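Overview (structure and organization)
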Amino acid sequence: MPGLSEDIVQYRLPLIPGIKPKKQKLCKLKIEWELKVYEEVKKLLEVKFIQVVEYPEWLTNIVPVPKKDGKVRMCIDFRDLNKASPKDDFPLPNIDLLVDNTAGHALLSFMDGFSGYNQIKMALEDMMKITFITQWGTYCYRLLKKNSLKKWNDECQEAFKKVKQCLSLPPFSSPDIPGQPLLLYLSITDTVMGCMLAQQEPESKREKPIYYISKKMLEYEIEYTILEKTCLALVWATQRLRHYLLSNKVLLHSRMDPLKYLFEKPALTGRIARWLLLLSKFDITYITQKSVKGRVIAEQLADAPVEENAFLKAKFSYEEIMELEEETPRTRWLMYFDGAVNNQGQEVGAVLVSPKKEYILISIKLQFECMNNIAKYEACITGLEAALALRVQDIDVFGDLILIICQING
């Protein structure tokens, strides 16, 4: 396996002086997991990534972790070794700070380390400390030494030029300009939500990307309506990018306006109220789709492409309709009522809606004990008395008890 030269760097495992080595006993696994672990161990032995150890001082067990594709990731339980190692007090950098530091550079490599070309080799004297046990023996990780030096030829130079060209083509992120509004683009599908944070340059008015994030929805989030998914995406994006959004004005671009939905909802449930509380600290303004740049519209169209040989449908929808009548303004009032009895007492409520869509809320707690049906009767009577006090002539009553509705109709 290739790796960095030992002359450059080596990975060592220092131990606290006087610490005693620990050996874990072999833990039994499920049969289906044992077969997958055996396949992984066999594969590592074939490529000489691990080697057999006969008399180890340290011994740990395998911890299989199932993947989403049905495979098993073979992890090693190094908790005893971690306790015996001295702690490094140097703090790990935040991933957001690492991305911000790369902004402004033309090239940013995201090359995968699975192939092993950038592996740091383990020191020979520390290989025995990372020994693990299986039903087929005890092994430790090793890295092969290079027996022969590879020469740089014309083929390698041509491959390097192609990699360099590919890495230089994608757009790179840029740092934000303090005081300039930020552009927040949201894109929501049935199961995935994505976000791009951008900003316009003051002179050229050209948009430059600052940050990209995406997330797969959870099982219960998939059941949300498309408007609730938009609200969820906005709250999620503000929490991930809060260090950008708190100090700047934000212009929101999306197919729907989640702010209008949240602030104009008459009844705030637990989820909606929590979203409103999280968004209250940000200065966000919704921008209609007319102001979205053509580039962003093209990206949205690219998310749902049409097949190359697909024909446009010339048929007009609902062509059997010959005439459309204009809807007349509603002049009748609406009343919704309900009542409930539980261990906390008896409560009734009603909502009156005027033709101008003005809402009148009524809620009363009864001072006497009654059954659930009686509470619904009291709720209906309370709503009708309020309608009579307002001199309402025409009203439509809605409730969940058909008997009461039939009695009102006579």
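Above this note sits the structure.
Residues numbered from 1 in each chain as written. Predicted model: local features only at pLDDT ≥ 70, side-chain atom pairs only at ≥ 80, totals over all residues. Heavy atoms only, no water.

What to know about helix 6 (residues 226–240)
Given 3.6 residues per turn, any residue in an α-helix points the same way as the ones three and four places further on. Taking 1.5 Å per residue as the helical rise, helix 6 with its 15 residues ought to reach 21 Å, and the 21 Å between its terminal C-alpha atoms agrees with that figure. Across the 15 residues that make up helix 6, a large majority, 11, are buried. The complete set of buried residues in helix 6 reads E228, K229, T230, C231, L232, A233, L234, V235, W236, A237 and T238. (Helix = DSSP H or I, 4+ residues; strand = E, 2+ residues; numbered from the N terminus. Expected span 1.5 Å × (residues − 1). Buried < 20%, exposed > 50% of the residue type's maximum accessible area, 1.4 Å probe, protein only.)

Overview of the packing of helix 6 against helix 9 (residues 270–279)
Closest axis-to-axis distance for the helix 6/helix 9 pair is 10 Å, and the angle between their directions is 35°. Every pair of crossing elements has a handedness; the one defined by helix 6 and helix 9 is left-handed. Packed against helix 6, whose contacting residues are E228, C231, L232, L234, V235, T238 and Q239, the element helix 9 presents R271, W275, L278 and L279 at the interface. Among the residues forming the contact of helix 6 with helix 9, the class breakdown is seven nonpolar, two polar and two charged. (Axes fitted to C-alpha atoms, helices over the stretch in contact; angles between N-to-C directions. Left-handed = near helix turned anticlockwise from the far one by under 90°. Contact = heavy atoms within 4.5 Å. Nonpolar A, V, L, I, M, F, W, Y, C, P; charged D, E, K, R; others polar.)

Quick notes on the pattern of salt bridges
Scanning the model with the defined rule gives nine salt bridges in all. Taking the shortest distance from any N to any O, the salt bridge between K43 and E40 comes out at 3.5 Å. You can see K43 and its partner E40 sitting in helix 1 (residues 31–46), three residues apart, about one turn around the helix. Classification of E40 by relative accessible area gives partly exposed; the value is 23%. Among the salt bridges present, the one from R332 reaches D396, with a minimum N-O distance of 2.8 Å. (Salt bridge = Lys/Arg side-chain N within 4 Å of Asp/Glu carboxyl O.)

Here's the deal with the packing of aromatic side chains
What the rule picks out here adds up to eight aromatic pairs. Their ring planes at 70° and their centres at 6.2 Å tell us that Y224 and W275 sit as a pair that is edge-to-face. Placement of Y224 in the loop between helix 5 (219–222) and helix 6 and of W275 in helix 9 is noted, with a sequence separation of 51 residues between them. Assessed through its relative accessible area of 15%, Y224 is described here as buried. Take W275: its relative accessible area is 4%, and that puts it in the buried class. Three or more aromatic residues link up through ring pairs in this structure, and these residues are F49, F132, Y139 and Y141. Over the face of the ring belonging to W33 we find K30, whose NZ or CZ atom lies 5.2 Å from the ring centre. (Phe/Tyr/Trp six-rings, centres within 6.5 Å; stacked < 30°, edge-to-face > 60°. Lys NZ or Arg CZ within 6 Å of the ring centre and 35° of its normal.)

Looking at the sheet that holds strand 9 (residues 250–253)
Spatially, 8-7-6-9-10 is the arrangement adopted by the five strands of the open sheet, whose pairing is mixed. Strand pairing shows two members of the sheet lacking a second neighbour, strand 8 (207–216) and strand 10 (284–287), which therefore form its edges. Along the sheet, successive strands turn relative to each other by an average axial angle of 25°, direction set aside. (Pairing = 2+ DSSP bridges.)

Considerations on the pairing of strand 13 (residues 359–366)
In this structure, strand 12 (residues 345–353) lies alongside strand 13, joined through eight bridges in antiparallel fashion. When the bridges of strand 13 are listed, V353 appears paired with Y359. Linkage of strand 12 to strand 13, two consecutive antiparallel strands, is achieved through a turn of five residues, within which K357 is found at a positive phi near 65°.

Quick look at the environment of T138
Note on placement: T138 falls in strand 5 (residues 137–141). Sequence separation between T138 and E54 is 84 residues, and the spatial gap between their C-alpha atoms is 7.0 Å. Setting aside residues no more than four positions away along its own chain, T138 makes contact with Q51, V52, V53, L59, T131, F132 and I133. Looking at T138, its side chain comes within polar contact range of the main-chain oxygen of V53, at 2.3 Å. (Polar contact = N/O pair within 3.5 Å; in protein donor to acceptor, adjacent residues only side chain to side chain.)

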